[in-house]
Amino acid sequence: MKHIKYIAIALFCFGNMLGQTNEVLTKEAAIAQTIQNNFGISIANNNLEIADNNQGILNSGYLPSLTGIAGANYDVQNQDVTFQTGDTNVVDGAETTRYNASLNLNYTLFDGLGRYWDYKAFQEEYKVSELQVRETIETTILQLFTVYYEIARITENISVLEETYFNTERRLKRAGYAFEYGQNNKLDVLNAEVDLVTDSINLLNARQLLENTKRDLNVISNLDLERDFNVDTTVVFIPQLVLENYIKVADTMNVRVLQAKKNKTISDYDYKSSKSVYLPTVGLTGSYGWDEGKFPSTSFASESISTGLSAGINLSWDLFDGGTGITSVRNAKIAIENQEVLISQIEKEVDRDILNAQGDYLNRLKIYELQAQSVTTATNNFERSNEQYKLGQISSVELRQAQVNLLNTKTNKNLAKYQAKLAELQVLQLAGQLLNVDF
């Protein structure tokens, strides 16, 4: 039994290493850390900032453009000039220099309301980006709890496996004492040793799986991979009446439906913007300039300096552009019809998904209740079998079978509990309420 002693020591040391931390990672803390640090959420927030920039006044087309222009020219020529009077003047290397600078202002007073509807579309695109951030957060939170509850399930399974291990260890000691006093044969001892090794392996594998799963959660939260923690294994289900009320308003809260409706609004604005091709564009121009020149003797003036302000208004109207504008308007109108069809499709799909998710949740909840009843039955069966084994009424093989049945029912109960909770979270996400409930 010396090797069995080494297994017990290894399990004890590994268990102590896992239990050294006292930190309990609550569900609220896990959500907060994930929202703050998750890679996907960070990218979504950056895209939201881009959309915010796009909807600003600087991107609206309502502000004027101001351009500064400056230049200098230098010219050297050999000139032979004959004036009207008949006089001639020959200059070799005649130099001409010119300098100029100006500020030019351009402002569109009216463009057929195109920029107005474009500006409205940018504002709606920002709202779509907000919904995309929300969708990313919902998806990430659901992913987080898939891993979080997996850690909770493995943690509870480890407790069950430890209980199984210690029961087997006690059976081995009892079988060893009984063999020493001649009350049974070596077979019971050997069976107990084999079962203890099996329980040890199961426990080691579960503990390793727990460590790996914790790293998965640390990746989602973008924190130190070696961070250790415990999780809250408490599960509270939302009352059925409350869940049904959430489902009733799903068409106004589901993020996919809301995005589709916003995209239709954007298509409406695009259609109205495209019709600006039928109207004229009126623009305002203004300029303030300075010009200086120095001329050779062949010119009438030797030097000139001018400064001045100019302003003007212009109108342009594409009476016919070859049909491009008309085609754009027609296509924009078809795009609206496509968005209306897409909204109907998404609403139908969401209704189906909610009904499926609700049915899956109720089914898993019932399975959990049945598994809880099985644990009670298996516990009673194991306790009775244990007493019968002590009295020599059943063999160690029969006791082991009762022990395995109890182990399986407890782990199945843990699995059913967390599967039911995840199914509930899926319903909440589809109903658009995942971020509005307490976990």
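Residues numbered from 1 in each chain as written. Predicted model: local features only at pLDDT ≥ 70, side-chain atom pairs only at ≥ 80, totals over all residues. Heavy atoms only, no water.

1. Let's talk about helix 9 (residues 324-390)
Link 1 in the chain: In this model, helix 9 (67 residues) spans 94 Å end to end at C-alpha, consistent with the 99 Å of a helix rising 1.5 Å per residue.
Link 2 in the chain: A positive backbone phi angle near 80° is found at Gly 392, which sits one or two residues after helix 9. (Helix = DSSP H or I, 4+ residues; strand = E, 2+ residues; numbered from the N terminus. Expected span 1.5 Å × (residues − 1).)

2. A word on empty space enclosed by the protein
Link 1 in the chain: Counted according to the given criterion, the structure contains 1 cavity of 30 Å³ or more.
Link 2 in the chain: In this structure, the largest cavity encloses a volume near 60 Å³.
Link 3 in the chain: Surrounding the largest cavity, Val 160, Glu 163, Thr 164, Asn 167, Phe 382, Gln 403, Leu 406, Leu 407 and Lys 410 form its lining.
Link 4 in the chain: Its residues assigned to classes, the lining of the largest cavity comprises 4 nonpolar, 3 polar and 2 charged. (1 Å grid on protein atoms, 1.4 Å probe; cavity = no way out; pocket = protein on both sides within 12 Å on 5 of 7 lines; lining within 4 Å. Points joined across faces, edges and corners; volume = space filled by probe spheres on them. Nonpolar A, V, L, I, M, F, W, Y, C, P; charged D, E, K, R; others polar.)

3. Notes on the packing of aromatic side chains
Link 1 in the chain: Within this structure, the stated rule accounts for 10 aromatic pairs.
Link 2 in the chain: Connected via pairs of aromatic rings, a cluster forms that spans Phe 145, Tyr 148, Tyr 149 and Tyr 418.
Link 3 in the chain: Cation over ring: Lys 186 sits above Phe 179, and NZ or CZ is 5.2 Å from the ring centre.
Link 4 in the chain: In this structure, Lys 214 packs its charged tip against the face of Phe 229, placed 5.5 Å from the ring centre. (Phe/Tyr/Trp six-rings, centres within 6.5 Å; stacked < 30°, edge-to-face > 60°. Lys NZ or Arg CZ within 6 Å of the ring centre and 35° of its normal.)

4. Observations concerning unusual backbone geometry
Link 1 in the chain: In the Ramachandran plot, Leu 113 falls in the positive-phi region, its phi being about 70° despite a non-glycine side chain.
Link 2 in the chain: Along the chain, Leu 113 falls in the loop between strand 3 (88-110) and helix 4 (114-180).
Link 3 in the chain: Accessibility expressed as a relative area gives 42% for Leu 113, which makes it partly exposed. (Buried < 20%, exposed > 50% of the residue type's maximum accessible area, 1.4 Å probe, protein only.)

5. With respect to the side chain of Thr 97
Link 1 in the chain: Position of Thr 97 relative to the elements: it lies in strand 3.
Link 2 in the chain: With residues near it in sequence (within four places) discarded, Thr 97 still touches Asn 73, Tyr 74, Glu 292, Gly 293 and Lys 294. (Contact = heavy atoms within 4.5 Å.)

6. Structural notes on the pattern of salt bridges
Link 1 in the chain: Across all of its chains, the model carries 22 salt bridges by this definition.
Link 2 in the chain: Its salt-bridge partner being Lys 214, residue Asp 228 comes within 2.8 Å of it at the nearest N-O pair. Of this pair, Asp 228 sits in the loop between helix 5 (186-221) and strand 4 (230-231) while Lys 214 sits in helix 5, and the two are 14 residues apart along the sequence.
Link 3 in the chain: The class for Lys 214 is buried, based on a relative accessible area of 4%.
Link 4 in the chain: Here Lys 421 ties to Glu 424 by a salt bridge, and the two come within 2.5 Å at their closest N and O atoms. Pair noted here: Lys 421 and Glu 424 are both in helix 10 (residues 396-430), with a separation of 3 residues, about one helical turn. Assigned by exposure class, Lys 421 and Glu 424 land together as buried. (Salt bridge = Lys/Arg side-chain N within 4 Å of Asp/Glu carboxyl O.)

7. Describing the packing of helix 4 against helix 8 (residues 255-274)
Link 1 in the chain: Axis separation between helix 4 and helix 8 bottoms out at 9 Å; the angle between their running directions is 165°. Here helix 4 is positioned roughly antiparallel relative to helix 8, judged by the angle of their axes. As for the relative orientation of helix 4 and helix 8, their crossing is left-handed in sense.
Link 2 in the chain: Among the residues making up the contact of helix 4 with helix 8, the classes are represented as 8 nonpolar, 6 polar and 12 charged. (Axes fitted to C-alpha atoms, helices over the stretch in contact; angles between N-to-C directions. Parallel < 35°, antiparallel > 145°, perpendicular 65-115°, else oblique. Left-handed = near helix turned anticlockwise from the far one by under 90°.)

8. Quick word on the packing of helix 9 against helix 10
Link 1 in the chain: Between helix 9 and helix 10, the shortest axis-to-axis distance is 7 Å and the interhelical angle comes to 160°. When the axis of helix 9 is compared with that of helix 10, the two are roughly antiparallel. Crossing hand, helix 9 versus helix 10: left-handed.
Link 2 in the chain: Tallied by class, the residues present in the contact of helix 9 with helix 10 amount to 20 nonpolar, 14 polar and 7 charged.

9. A short note on the layout of surface pockets
Link 1 in the chain: If you add up the space inside the second largest pocket, you get close to 230 Å³.
Link 2 in the chain: Taken together, Arg 174, Ala 175, Ala 178, Gln 183, Asn 184, Asp 188, Tyr 389, Lys 390, Gly 392, Ile 394, Ser 395 and Ser 396 make up the full set of residues lining the second largest pocket.
Link 3 in the chain: Listed by contribution, the elements that provide at least two residues to the lining of the second largest pocket are helix 4 and helix 9.

10. Considering the environment of Gly 432
Link 1 in the chain: Examined against the element boundaries, Gly 432 turns out to sit in the segment after helix 10.
Link 2 in the chain: Linking Gly 432 and Thr 108, residues 324 residues apart in sequence, is a C-alpha distance of 43 Å.
Link 3 in the chain: Setting aside chain neighbours within four positions, we find Gly 432 in contact with Arg 134, Glu 138, Met 253 and Asn 254.

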